[in-house]
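Topology and contacts: notes
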Amino acid sequence: MIPHQYRTVAFTDVPVDLDERSLREFFLSRQVYRRTRFVVARNDDGLALVEVTKAGEEELFVDVTDVRVLASPQETILVDRADIDTAVPSQLLRAASGIAGAPRCVVVRGRYGHVNFMLDAVPRRVHVLDVAPPWPAKLVDQVRRVLDTAEELPATECVSEVVDLEEMAAREPAGHYLLPCRGGGITVPGAEVSYLDEVPPEADWLLLGCARSRAIHDHFYPDRAAGVTQVDICPAALAAARPLPPGEARLTKCCLLEEHIETRGDTVVVPWGASFTLVSAGLAAASDLAEELRTTEEGRENAT
């Protein structure tokens, strides 16, 4: 549970113990602001999370008709993180990660002093596979930037998987490499390097490129179409050869796509050079897919 709007969360000191009976009696005797649904109640150094049911929302302050304690002081911790925007679920997840003891409820007091919480968090896990150079790997960097502002996206944990193209080249030694373009900044020490987009004179080279690069190569060098050796650097192809843990999804890219995204099994693919709009759409699709796969896997485990 993560409130969509932190304005529904109140943070207040209470003059009573934080057991359920004391909190019920206290809040049932009071009115709350009409938008309040949750209260982080503090007494000394302890915190409890309370949900209130109200008589209505028409008046500015309304009577409380029911009280439910969602997390006790033993299950709740307060984290002060001025760098965290508490309106963004994945930023809340970042603040909660690594806390010893894995408390059920993590209350975060973040940027602007705003307070929000995560209760019984089960993050969606998405792997992001990209290639580099250039560094940082572009798709991974775009996803991180999207996550910083994605208020509508449920809490999603992204795991970066960056394949180093220079290491790939080193595993396929050759005297001459043909790369798609200079843009990536790939270097291969001790070898001659040419760039496909410059249409260099034909040579005996190893093509370090994807299916689109191969098609361009075969167009310009039809006599070498059958004989050229290629190392496929397509992120989507690399992803297909790397199994994921059950219940997790992946986001990657492919230059054969231009204006749309595709779902291929447990992987969502966006175009190479995708805009932030398409990356956001792809990340949302991968997050939903991760939730679907996790639910399916849990159902399979429960059935057995």
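What counts, and at which threshold
Residues numbered from 1 in each chain as written. Predicted model: local features only at pLDDT ≥ 70, side-chain atom pairs only at ≥ 80, totals over all residues. Heavy atoms only, no water. Helix = DSSP H or I, 4+ residues; strand = E, 2+ residues; numbered from the N terminus. Contact = heavy atoms within 4.5 Å. Buried < 20%, exposed > 50% of the residue type's maximum accessible area, 1.4 Å probe, protein only. Polar contact = N/O pair within 3.5 Å; in protein donor to acceptor, adjacent residues only side chain to side chain. Core = buried A, V, L, I, M, F, W, Y, C linked by side-chain atoms within 4.5 Å. Pairing = 2+ DSSP bridges. Axes fitted to C-alpha atoms, helices over the stretch in contact; angles between N-to-C directions. Salt bridge = Lys/Arg side-chain N within 4 Å of Asp/Glu carboxyl O. Phe/Tyr/Trp six-rings, centres within 6.5 Å; stacked < 30°, edge-to-face > 60°. Lys NZ or Arg CZ within 6 Å of the ring centre and 35° of its normal.

**A short note on the side chain of Thr-36**
Along the polypeptide, Thr-36 turns up in the loop between strand E2 (31-33) and strand E3 (38-43). Residues in contact with Thr-36, not counting those within four places in the same chain, are Thr-8, Ala-10, Val-52 and Lys-54.

**Some points on the side chain of Glu-248**
As for its position among the elements, Glu-248 is in the loop between helix H6 (235-240) and strand E15 (249-254). The class for Glu-248 is buried, based on a relative accessible area of 15%. A polar atom in the side chain of Glu-248 sits 3.2 Å from the side chain of Arg-125. At 2.5 Å, the side chain of Glu-248 and the side chain of His-127 are in polar contact. In this view, Glu-248 contacts Arg-125, His-127, Asp-266 and Leu-293; residues no more than four positions away in its chain are not counted.

**Side note on the nonpolar core**
In this structure, Val-126, Val-128, Leu-139, Val-143, Leu-251, Val-279 and Leu-283 are the most contacted members of the largest nonpolar core, which totals 22 residues. Secondary structure elements with two or more residues in this core: strand E9 (124-132), helix H3 (138-147), E15, strand E17 (267-271) and helix H7 (276-303). If you tally residues by element for this core, the top one is H7, at six residues. Among residues more than four places away in sequence, those in contact with Val-128 are Leu-139, Val-140, Val-143, Cys-158, Val-159, Ser-160, Glu-161 and Leu-251.

**With respect to the sheet that holds strand E14 (residues 229-232)**
The four strands lie next to each other as E12-E11-E13-E14, forming an open sheet whose pairing is parallel. Edge positions in the sheet fall to strand E12 (192-195) and E14, since each has one partner strand and no second. Here the average twist between neighbouring strands, direction ignored, is 25 degrees. Against the sheet, helix H5 (residues 211-220) engages strand E11 (176-179), strand E13 (206-209) and E14, with an angle of about 135 degrees to E13.

**Some details on the pattern of salt bridges**
Pairs can form between side chains of opposite charge once their charged atoms are near each other. Going through the model one piece at a time under the given rule, you end up with 27 salt bridges. Here Arg-104 and Glu-75 are joined by a salt bridge, their closest N and O atoms 3.0 Å apart. Taken together, the residues Arg-104 in the loop between helix H2 (89-96) and strand E7 (105-109) and Glu-75 in the loop between strand E5 (61-71) and strand E6 (76-80) connect sequence positions 29 residues apart. In this structure Arg-104 comes out as partly exposed when scored by relative accessible area, which is 30%. Here Asp-83 and Arg-81 are joined by a salt bridge, their closest N and O atoms 2.8 Å apart. Exposure remark for Asp-83: the relative accessible area of 37% places this residue in the partly exposed category. Taken together, the shared-partner salt bridges connect Arg-124, Asp-288, Glu-291, Arg-294 and Glu-298 into one network.

**Notes on the packing of aromatic side chains**
Scanning the model with the defined rule gives four aromatic pairs in all. Centroid distance Tyr-33 to Phe-61: 6.0 Å. Interplanar angle 65 degrees. Geometry classified as edge-to-face. Linking Tyr-33 in strand E2 with Phe-61 in strand E5, this pair joins segments that are 28 residues apart in sequence. A relative accessible area of 35% means that Tyr-33 is categorised as partly exposed. For Phe-61, a relative accessible area of 46% translates into the label partly exposed. Residues Trp-205 and Tyr-221 carry aromatic rings whose centres are separated by 5.2 Å and whose planes lie at 80 degrees to one another, so their mutual orientation is edge-to-face. In this pair, Trp-205 is assigned in the loop between E12 and E13 and Tyr-221 in the loop between H5 and E14, connecting sequence segments 16 residues apart. Above the face of the Trp-272 ring, Lys-253 is positioned so that its terminal group lies 4.3 Å from the ring centre.

**Points about the sheet that holds strand E10 (residues 156-164)**
Across the sheet, five strands lie side by side as E10-E9-E15-E17-E16; this open sheet has mixed pairing. The sheet is open, and its two borders are formed by E10 and strand E16 (262-264), each paired with just one other strand. Adjacent strand axes in the sheet meet at a mean angle of 25 degrees when their direction is disregarded.

**Focus on unusual backbone geometry**
The residue after Ala-132, namely Pro-133, is reached through a cis peptide bond having omega 10 degrees. By the secondary structure assignment, Pro-133 is in the loop between E9 and H3. Notably, Asp-120 is not glycine yet its phi reads approximately 50 degrees, a positive angle. With respect to the helices and strands, Asp-120 occurs in the loop between strand E8 (115-119) and E9. For Asp-120, a relative accessible area of 42% corresponds to the partly exposed category. With phi around 50 degrees, Val-199 is a residue other than glycine that occupies positive phi space.

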